[in-house]
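Spelled out from the first residue to the last, the chains are:
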Amino acid sequence: MLSLKNIKKSYVTGEFKQVALNGVSLSFRQNEFVAILGPSGSGKTTCLNVIGGLDNYDSGDLIINGKSTREFKDSDWDAYRNNSIGFVFQSYNLISHLSILDNVEMGMTLSGVSSSEKHEKAMEVLERVGLKEHVHKRPNQLSGGQMQRVAIARALANDPDIILADEPTGALDTKTSIQIMDLIKDIAKDKLVIMVTHNPELAKEYADRIVEFRDGNVISDTNSLEDEKSNTSYSLRKTSMSFLTALKLSGMNIRTKKWRTFLTAFASSIGIIGIALILSLSNGFDKQIDMFETDTLSGFPIMINQTATEIDVNDMKSQRNKMLGLDKEEGKYPDSEVIYPYNAEENRRTHKNNLTEDYVKYIEDIDKSLLSGLGYTRLVNMNILKMVDDTATTINTKDLNLSSYPISTDGNKIGYLEKNYDLLYGNYPETMNDLVLVVDEYNKIDTKVLEALGISSNLEEINFNNIVGHEIKAVLNDDYYKKVGNFFTLSVNPSDMSELYNNERAIPLKIAGIIRLKDGVDISLLSNGISYSDDLSKYFIEKSKDSEVVKAQQEADYNVFTGQSFAEDNGTSNAKESLLASLGATEVPYMITLYPKDFTTKDEVISYLDSWNDGKDKEDMIIYNDMASTFVSLSSGIMDAITMVLIAFAAISLVVSLIMVSIITYISVLERTKEIGVLRALGARKKDITRVFNAETFIIGSLSGFLGILIAWLLTFPTNHILYKVTDLENVAVLNPIHAILLVIISVTLTILGGFIPAKMASKKDPVEALRTE
Ligand code: ADP
Ligand code: MG
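In this text the structure is predicted, and so the values were computed from the model without any measurement. (Residues numbered from 1 in each chain as written. Chains lettered and ligands numbered in written order. Predicted model: local features only at pLDDT ≥ 70, side-chain atom pairs only at ≥ 80, totals over all residues. Heavy atoms only, no water.)

Let's talk about the sheet that holds strand β7 (residues 162–166)
Part 1: Here 6 strands make up an open sheet; going across it, the order is β6-β7-β8-β3-β9-β10 and the pairing mixed. Edge positions in the sheet fall to β6 (85–88) and β10 (217–221), since each has one partner strand and no second. Between one strand axis and the next, the sheet turns through 20° on average, direction left out of account.
Part 2: The sheet contact formed by β6 and β7 spans 4 bridges and is parallel. When the sheet's bridge partners are listed, Phe 87 is paired in β7 with Leu 164.
Part 3: Contacting β6 and β7, helix α2 (residues 74–84) runs over the sheet at an angle of about 75° to β6.
Part 4: The strands that helix α5 (residues 144–157) touches are β6 and β7; relative to β6, the one it contacts most, it runs at about 170°. (Pairing = 2+ DSSP bridges. Helix = DSSP H or I, 4+ residues; strand = E, 2+ residues; numbered from the N terminus. Axes fitted to C-alpha atoms, helices over the stretch in contact; angles between N-to-C directions. Contact = heavy atoms within 4.5 Å.)

A word on the site of ligand 1
Part 1: Near ligand 1, the surroundings consist of Tyr 11, Gln 18, Ala 20, Pro 39, Ser 40, Gly 41, Ser 42, Gly 43, Lys 44, Thr 45, Thr 46 and Arg 772.
Part 2: With respect to ligand 1, the side chain of Gln 18 contributes an N or O atom lying 3.3 Å from an oxygen atom.
Part 3: Contacts to ligand 1 include Lys 44, whose backbone N or O atom sits 2.9 Å from an oxygen atom.
Part 4: Contributions of two or more residues to the shell around ligand 1 are made by β2 (16–28) and α1 (44–51).
Part 5: Broken down by element, the residue count for the shell around ligand 1 peaks at 3 residues, all from α1.
Part 6: Split by residue class, the shell around ligand 1 holds 3 nonpolar, 7 polar and 2 charged. (Near = heavy atom within 4 Å. Polar contact = N/O pair within 3.5 Å; in protein donor to acceptor, adjacent residues only side chain to side chain. Nonpolar A, V, L, I, M, F, W, Y, C, P; charged D, E, K, R; others polar.)

Some thoughts on the UniProt feature "transmembrane region" (unreviewed entry) in the protein chain
Part 1: Those places that UniProt annotates as "transmembrane region" (unreviewed entry) correspond, in this numbering, to residues 262–281, 641–670, 691–717 and 737–757.
Part 2: The span residues 262–281 is 100% helical and 0% strand by assignment, and the distance between its end C-alpha atoms comes to 27 Å. (UniProt positions renumbered as here; feature names shortened; annotations may be inferred.)

A few points about the nonpolar core
Among soluble globular proteins, nonpolar side chains are generally buried collectively.
Part 1: Grouped together as the largest cluster of nonpolar side chains are 54 residues, with contacts concentrated most on Leu 2, Leu 4, Phe 28, Ile 194 and Leu 679.
Part 2: When residues of this core are assigned to domains, at least three fall in each of domain 1 (2–238) and domain 2 (246–295 + 638–772).
Part 3: Not counting residues up to four positions away in its chain, the partners in contact with Leu 4 are Val 24, Ser 25, Leu 26, Phe 28, Cys 47, Ile 51, Asp 61 and Leu 62.
Part 4: If you look at the next biggest cluster of nonpolar residues, it comprises 38 residues, including Leu 101, Ala 151, Leu 172 and Ala 188. (Core = buried A, V, L, I, M, F, W, Y, C linked by side-chain atoms within 4.5 Å. Buried < 20%, exposed > 50% of the residue type's maximum accessible area, 1.4 Å probe, protein only. Domains from an automatic or database assignment.)

Concerning the environment of Lys 132
Part 1: With respect to the helices, strands and loops of the structure, Lys 132 is situated in the loop between α4 (115–128) and α5.
Part 2: When its relative accessible area of 39% is taken as the criterion, Lys 132 is described as partly exposed.
Part 3: Spatially, the C-alpha atom of Lys 132 lies 9.9 Å from that of Ile 100, the residues being 32 residues apart in sequence.
Part 4: Among all residues touching Lys 132, those that are not within four sequence positions of it are Met 123, Leu 126 and Glu 127.

Re empty space enclosed by the protein
Part 1: Going through the model one piece at a time under the given rule, you end up with 5 cavities of 30 Å³ or more.
Part 2: Size it by volume and the largest cavity reaches roughly 80 Å³.
Part 3: What lines the largest cavity is simply Arg 81, Asn 82, Ile 85, Gly 86, Phe 87, Gly 107, Arg 154, Ala 155, Asn 158, Ala 681 and Leu 682.
Part 4: Going through the elements one at a time, α2, β6 and α5 are the ones with two or more residues in the lining of the largest cavity. (1 Å grid on protein atoms, 1.4 Å probe; cavity = no way out; pocket = protein on both sides within 12 Å on 5 of 7 lines; lining within 4 Å. Points joined across faces, edges and corners; volume = space filled by probe spheres on them.)

Regarding a nonpolar patch on the surface
Part 1: Together, Val 655, Ile 659, Ile 663, Tyr 666, Ile 667, Leu 670, Phe 756, Ile 757 and Met 761 line one region of the surface with nonpolar side chains, adding up to about 810 Å² of accessible area.
Part 2: In terms of residue count, helix α21 (residues 627–671) provides more of the nonpolar patch than any other element does, 6 residues in total.
Part 3: Tracing the backbone shows Ile 757 in helix α24 (residues 737–764).
Part 4: Residue Ile 757 is classed as exposed on the basis of its relative accessible area, which comes to 57%. (Patch = residues over 30% accessible without salt bridge, like charges linked within 9 Å, V, L, I, M, F, W, Y side chains within 5 Å. Areas by Shrake-Rupley, 256 points an atom, 1.4 Å probe, with all protein chains shown as cover. Salt bridge = Lys/Arg side-chain N within 4 Å of Asp/Glu carboxyl O.)

Things to note about the pairing of β7
Regular strands show a simple pattern: their side chains alternate between the two faces of the sheet.
Part 1: Burial of β7 is extensive: 5 of the 5 residues sit out of reach of the surface.
Part 2: Burial along β7 is two-sided: the residues Ile 162, Leu 164 and Asp 166 and Ile 163 and Ala 165 are all buried.
Part 3: Bridge count between β7 and strand β8 (residues 192–196): 5 bridges; the pairing is parallel. The partner of Ala 165 across the bridge, within β8, is Met 195.
Part 4: Of the crossover connections in this fold, the one passing from β7 over helix α6 (residues 174–187) to the parallel β8 is right-handed. (Right-handed = clockwise from strand over helix to strand, strands pointing away.)

Digging into the packing of α4 against α5
Part 1: Between α4 and α5, whose axes approach to 9 Å, the crossing angle comes to 135°. Comparing the axis directions of α4 and α5 gives the class oblique. Remark: the crossing between α4 and α5 carries right-handed chirality. Of α5, the residues touching α4 (which contributes Lys 121, Val 125, Leu 126 and Arg 128) are Ala 153, Leu 156 and Ala 157. (Parallel < 35°, antiparallel > 145°, perpendicular 65-115°, else oblique. Left-handed = near helix turned anticlockwise from the far one by under 90°.)

A look at the side chain of Asn 477
Part 1: Structurally, Asn 477 can be placed in helix α15 (residues 477–480).
Part 2: Note on Asn 477: relative accessible area 1%, which makes it buried.
Part 3: When near neighbours in sequence (up to four residues on either side) are disregarded, Asn 477 contacts Asn 383, Phe 540, Ser 544, Ser 547, Val 549 and Leu 583.

Some details on the pattern of salt bridges
Where charged atoms of side chains with opposite charge meet at close range, the side chains can pair.
Part 1: Counted according to the given criterion, the structure contains 23 salt bridges.
Part 2: The salt bridge partner of Arg 680 is Asp 78, with a shortest N-O separation of 3.4 Å. Remark: Asp 78 occurs in helix α2 and Arg 680 occurs in helix α22 (residues 673–681); sequence separation between them is 602 residues. There is no split in this pair, since Arg 680 and Asp 78 are both buried.
Part 3: Notably, a salt bridge pairs Arg 260 with Glu 671, separated by 2.9 Å at the nearest N-O pair. Placement of Arg 260 in helix α9 (residues 258–295) and of Glu 671 in helix α21 is noted, with a sequence separation of 411 residues between them.
Part 4: You can call Glu 671 partly exposed: its relative accessible area is 45%.
Part 5: One salt-bridge network, held together by shared partners, links Arg 29, Glu 32, Arg 209 and Asp 221.

Considerations on the pairing of β8
Part 1: Of all the 5 residues making up β8, 5 are buried; the element is thus mostly covered by neighbouring parts of the structure.
Part 2: Pairing analysis gives 4 bridges linking strand β3 (residues 33–37) to β8, with the strands arranged parallel. Across the sheet, the residue bridging to Ala 35 is Met 195, located in β8.

In structure tokens, the structure reads:
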């Protein structure tokens with residue numbers, strides 16, 4: 001069944017060529033016990049290794065079941081070793097981190113035998129060698145004789161045709177040797193056993209045939225076989241180690257060096273910790289900024305004024321440079337003894353927004369779902385009177401800190417108030433006659449407002465119920481003024497206007513409720529004072545349209561009256577126009593305020609506003625102010641830059657851990673060289689060896705990944721605590737689960753990458769030399 005035909009094998013070390021086999025020809029029977037004798041260095045081991053497919057011959061041929069092995073590929077040799085050969089070594093060569101059972105099962109594991117069958121078979125052979133009770137022990141818990149029995153059990157487990165034993169009793173005492181020899185003799189009953197031994201007595205006593213070696217040649221053979229006849233039907237089961245087996249093997253190995261593995265994983269997790277922390281911080285800051293954007297910045301309305309400040313990019317740049325101290329403007333602090341006159345009016349960067357009725361209509365046509373509120377400020381002077389001690393006088397409306405509250409776009413007039421303001425007392429306004437008093441977060445209100453309203457203000461505190469229900473009145477222009485020739489004057493004596501106040505045409509206005517900006521709403525849109533419905537100014541304007549006073553004023557070409565107006569005079573509109581406006585002659589608002597629903601709809605609102613300007617001349621354009629946008633683009637850009645820099649730093653530690661893993665794996669390869677040899681002898685492919693070490697780095701990589709994520713996650717708590725103490729921001733560091741998963745994957749990938757070269761080196765190791773290492 002097996003024959004060597006003129007096998008030659010020599011080793012070259014440097015210049016020196018050592019012939020180990022010098023044309024050996026031997027044939028073996030299917031079932032015999034052959035002992036090989038010979039002095040040390042005569043080529044016995046080499047011959048055994050060649051027979052076992054562990055070592056390659058230089059020339060000649062090895063015939064297995066009538067088939068030449070000259071054309072054998074690596075995979076054929078692997079299968080041959082696994083299926084047909086059982087090795088027994090002098091130094092046992094058990095895998096020390098595996099249990100006895102796992103050691104015996106390994107050959108079957110490699111050829112993919114099912115675990116139940118494997119277990120059954122392994123138990124059977126372990127029983128045969130008399131070690132049934134020790135199956136869960138580790139090799140180092142056994143005596144030498146016991147270890148050799150395990151090795152024999154392992155050799156038998158896959159039920160090979162040939163057992164190759166290289167001085168199996170060389171390390172054992174005489175008594176144990178005899179027990180082992182008895183066992184081998186028993187095995188030889190139905191197998192071909194080829195055993196190398198130093199001991200001629202043992203050989204004579206047990207073997208059927210003795211072959212003697214000297215200087216790489218067979219010098220005697222007691223029972224040689226000339227021509228070997230054999231059937232050629234012969235197929236081998238290919239071997240392959242599953243990644244799971246590789247994982248188990250490496251897992252078992254790692255268990256024997258827990259501390260080293262832990263420390264390695266920890267050290268290589270530092271990069272992951274760094275990156276995870278940085279990501280969770282920037283993630284958190286991004287979230288904070290997002291929240292800030294939606295909460296606060298979307299609260300910043302877009303304002304369209306009749307006069308807009310043109311925002312010049314260059315101007316903003318120079319402002320920023322000034323702030324950063326980068327300003328090196330030329331022409332500053334001139335030495336010349338002259339002054340430079342310039343026209344301030346011409347140089348003012350203002351733009352007159354011509355808010356026409358068409359434009360107001362355009363605004364009204366906006367998709368209302370984009371807005372949470374829409375407010376108009378109209379330049380109308382309402383003549384408002386208060387009654388104190390039976391005496392009515394005009395209120396200087398400026399003192400009331402008037403503001404008109406925006407209308408919620410869903411049609412709910414007070415929706416905006418409900419969303420942003422707490423009702424402290426009374427009711428939200430229901431009709432245009434209802435006013436609300438807006439107080440600040442301390443419930444404070446300027447005494448000026450109270451005095452204007454006619455409420456006694458020289459008290460420490462005033463009860464809500466003394467305010468809610470308080471009434472004042474608005475008087476229409478035609479009642480308030482009378483025409484005297486070309487002039488208008490007040491229709492009654494300003495020191496007592498009770499007549500007007502009590503007139504049934506006077507519009508009663510009542511403070512319906514007291515409201516306060518909600519906690520957490522950052523932008524106060526209504527000034528602390530009196531807030532009224534836009535319906536009121538619309539009503540006033542409506543009534544003013546046909547008013548005598550307005551008509552006369554429209555015809556006049558001089559200014560007769562200086563009214564009070566809500567809106568501050570901007571100095572550009574001419575006096576007559578503004579006077580008319582303040583009398584309520586113009587319906588077009590002085591200012592339009594749009595409250596976008598959130599940050600995303602803000603973009604749409606802006607593009608809607610922009611599209612009005614498409615193709616228009618510069619003077620016809622409507623320029624709006626959106627303070628929020630500049631702020632955001634600045635802050636998130638800086639965050640991104642900082643994050644990138646920090647990640648770059650942390651990435652360096654990843655590279656360091658890559659190198660470290662590479663070194664650790666290399667050391668592991670050196671440590672596990674023997675194991676590599678054993679696995680190869682059992683039929684493991686080169687690929688399987690790579691797999692074993694990849695499994696090891698996979699374990700270390702996952703460990704370091706998970707450890708890194710765990711530590712980073714734990715660190716977010718003290719980090720958040722400190723950040724909260726320092727900045728008042730809550731829960732800034734938030735580890736995104738997706739980042740965590742990605743980082744574990746990165747960690748695994750990097751460590752496998754780091755271990756790849758050592759793993760490849762391991763697979764290239766010569767099995768014979770690997771077995772020789774101690
Ligand atoms: P034996 O087992 O009979 O003692 P070996 O088969 O181990 O002898 O060795 C035969 C010869 O080949 C010896 O001279 C030994 O030094 C040499 N030899 C064996 N393996 C190697 C090797 N890997 N490199 C160089 N020389 C070797
Ligand atoms: Mg030897």
